[in-house]
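Descriptive analysis of the structure
Residues per chain are reported as follows:
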Amino acid sequence: MPYHYDIKSVSPPLDASIQQKLDQKTKPPGSLGQLEHLAAQIARVQRSLSPSLEKLSHLVFAADHGVCAQGVSPYPSEVTRQMVLNFMSGGAAINVFCRQHNVDLTVIDAGIRGEPLPPHPSFIDARVRDGSGDISQEPAMSSEELDQALNQGGELARLQLAEGTPILSFGEMGIGNTTAGAALMAACLDLPAELCVGDGTGADANLLVHKSRVVEQALLLHRPNLVDGAAIMRHLGGLELAMMAGAMAATAEVGQLFIVDGFLATAALLTLWRDQPEVLDYAVFSHLSNEHGHQLMLERLGVSPLLHLDLRLGEGTGAVLAWPLVQSAVAFFNEMASFDSAGVSNRT
Ligand SMILES: Cc1cc2ncn([C@H]3O[C@H](COP(=O)(O)O)[C@@H](O)[C@H]3O)c2cc1C
Ligand SMILES: O=C(O)c1cccnc1
């Protein structure tokens, strides 16, 4: 069954008035570049000429990947759990950026291997199973597990939105997940593995070739089953990526925006987009990751990211770094004077 969320394409009744408001600002038309597109997107999604985005909440989904058994990452699987403990004690890059920008951070165990993690105020145990299946040998998860991950992700997003946060961003932690992400990309965009596989946490040339082979093997094994975006996620994805897709879909269903991080977040989104392209109306693309396949993903989606910082970290770091720009888009749209109100002469 493909994804079947109730996501409404944002209809354009306000488009002319949004453009008019942009063009009346005291600046040459289009001179705020991508911020103008962003302001228009926010106004369109909120169906308002006075949009507001007061607060961002960030959710990081974490899970382990069975495909690590194939030696696809330079780091051991245990780093997933260790990094989640680091998130809890506030020492990871995502903690620093969330603190800097006053963003609420919640970390979710979607399927970390081993014992449950200790309780913590910003941590939620929503584990679906003990790590995903090795995609080169078996599906990443069963249909029931996919549903559970999607539902949990959706529930968590809806909870944040119900508490009054009008925009969400999502990150991931899962050693081995750039291999899963490359497989999702290859399947969703019908591309050969080598165009989709990248360095991840720092693969050398040999590891890169090996990752490509592992992705090819996974594609070959599951090919007959890769009939839609949801099936692609089930067979080739991961528990944290499925939970993130569920959270993105739920946010779009509620009619709110979400900020997309790099390669992995875009890979999760690609599976949704395959079945429900209208989800893109609600997605703000934060940055171009240095992970090899990301540029091609964004090209295929026909979107331009806000930042080019050569990041290749994940955790949602690029999404949170882009948050001040999203706020700037809202601020200029609401606060900048018009030619009329400021008594500035418009072009003749
Ligand atoms: C210390 C450390 C912190 C991280 N934070 C995010 N990732 C990132 O790297 C992982 C994917 O890369 P690969 O597929 O090569 O394993 C993911 O967990 C991702 O979020 C990290 C990776 C490491 C090692
Ligand atoms: O862009 C990303 O999401 C990314 C890239 C490398 C490693 N982890 C995440």
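Residues numbered from 1 in each chain as written. Chains lettered and ligands numbered in written order. Predicted model: local features only at pLDDT ≥ 70, side-chain atom pairs only at ≥ 80, totals over all residues.

**Focus: the pairing of strand β2 (residues 104-111)**
Of all eight residues making up β2, six are buried, and the element is well covered by its neighbours. Pairing analysis gives seven bridges linking strand β1 (residues 56-63) to β2, with the strands arranged parallel. Following the sheet pairing, A62 is matched in β2 by D109. Note that β2 and strand β3 (residues 123-125) share three bridges and pair parallel. Bridge pairing in β3 links I108 to I124. (Buried ≥ 20, exposed ≤ 12 C-beta atoms within 10 Å, placed from the backbone. Helix = DSSP H or I, 4+ residues; strand = E, 2+ residues; numbered from the N terminus. Pairing = 2+ DSSP bridges.)

**Some remarks on the site of ligand 1**
In the vicinity of ligand 1 lie 17 residues, with S73, T178, G200, T201 and G314 positioned nearest. Among the secondary structure elements, those contributing two or more residues to the shell around ligand 1 are α3 (78-88), β4 (167-173) and α6 (177-189). A breakdown of the residues in the shell around ligand 1 according to their chemical character gives six nonpolar, nine polar and two charged. (Near = placed C-beta within 6 Å. Nonpolar A, V, L, I, M, F, W, Y, C, P; charged D, E, K, R; others polar.)

**A word on the pairing of β4**
Side-chain direction in a regular strand flips from residue to residue, so the side chains alternate between the two faces of the sheet. Extensive coverage of β4 is indicated by the burial of seven of its seven residues. Bridge count for β1 against β4 is seven bridges, and the pairing is parallel. Bridge pairing in β4 links L59 to F170. Sheet analysis places β4 next to strand β5 (residues 257-260), joined by three bridges and oriented parallel. Bridge pairing links S169 to I259 in β5.

**Looking at the domain arrangement of the protein chain**
Annotation of the protein chain at the domain level lists domain 1 (15-51 + 332-342) and domain 2 (56-323). One C-alpha centre belongs to domain 1, the other to domain 2, and the line joining them spans 33 Å. Across the boundary between the two partners, domain 1 contributes five residues, which contact seven residues of domain 2. Taken together, the residues of the side of domain 1 that touches domain 2 sort by class into three nonpolar, two polar and no charged. (Domains from an automatic or database assignment. Contact = placed C-beta atoms within 7 Å.)

**Some thoughts on the site of ligand 2**
Within the structure, ligand 2 sits among 13 residues, and G262, F263, S289, E291 and G314 are positioned closest to it. Broken down by class, the residue content of the shell around ligand 2 amounts to three nonpolar, seven polar and three charged.

**Structural notes on the sheet that holds strand β6 (residues 283-285)**
As summarised here, the arrangement of the six strands in space is β3-β2-β1-β4-β5-β6, forming an open sheet in which the pairing is parallel. The sheet is open, and its two edges are formed by β3 and β6, each paired on a single side. When strand polarity is set aside, the average angle formed by the axes of neighbouring strands in this sheet is 25 degrees. Here helix α13 (residues 317-335) sits on the sheet and contacts β1, β4, β5 and β6; the angle it forms with β5, its principal contact strand, is near 130 degrees. (Axes fitted to C-alpha atoms, helices over the stretch in contact; angles between N-to-C directions.)

**A look at the packing of helix α9 (residues 229-236) against helix α11 (residues 263-275)**
Where α9 contacts α11, the axes come no closer than 7 Å and their chain directions differ by 150 degrees. What the angle tells us is that α9 and α11 run roughly antiparallel. Every residue of α11 that contacts α9 at G229, A230, I232 and M233 is listed here: T271, L272, R274 and D275. Considering only residue class, the contact of α9 with α11 consists of four nonpolar, two polar and two charged. (Parallel < 35°, antiparallel > 145°, perpendicular 65-115°, else oblique.)

**Let's talk about helix α12 (residues 294-301)**
Every buried residue of α12 is accounted for by H294, M297 and L298. When α12 is viewed along its axis, its buried side chains cluster within an angular range of 95 degrees and face the same direction. Those residues of α12 hidden inside the fold are in contact with α6, α11 and β6. (Arc of directions from axis to C-beta.)

**Details of the environment of F87**
The topology assignment puts F87 in helix α3. In the structure, F87 is positioned 72 residues away from D15 in sequence and 41 Å away in space, judged by C-alpha atoms. Leave out the neighbours within four places in its chain, and F87 touches V60, A92, I94, N95 and V107.

**Some details on the UniProt feature "active site" (unreviewed entry) in the protein chain**
Mapped onto this numbering, the UniProt entry gives "active site" (unreviewed entry) at E315. In this fold, E315 is placed in the loop between α12 and α13. Other than its neighbours up to four places away in sequence, E315 contacts V60, A92, A93, I94, G171 and M173. (UniProt positions renumbered as here; feature names shortened; annotations may be inferred.)

**Remarks on helix α2 (residues 33-46)**
Here α2 is 14 residues long and its end C-alpha atoms lie 21 Å apart, about the 20 Å a rise of 1.5 Å per residue gives. The complete set of buried residues in α2 reads E36, L38, A39, A40, Q41, I42, A43 and Q46. Those residues of α2 that are buried lie in contact with α1 (15-24), β5, β6 and α13. The first or second residue beyond α2 is R47, which carries a positive phi of 50 degrees. (Expected span 1.5 Å × (residues − 1).)

**Focus on the nonpolar core**
Nonpolar side chains in soluble globular proteins tend to end up buried together. If you look at the biggest cluster of nonpolar residues, it comprises 108 residues, and the most contacted ones within it are A183, L184 and M248. It is helix α10 (residues 239-254) that provides the largest number of residues to this core, a total of 11 residues. Two domains share this core, each providing at least three of its residues, namely domain 1 (15-51 + 332-342) and domain 2 (56-323). Setting aside its immediate chain neighbours within four residues, A183 contacts I135, V215, A218, L219 and L236. (Core = buried A, V, L, I, M, F, W, Y, C linked by C-beta atoms within 7 Å.)

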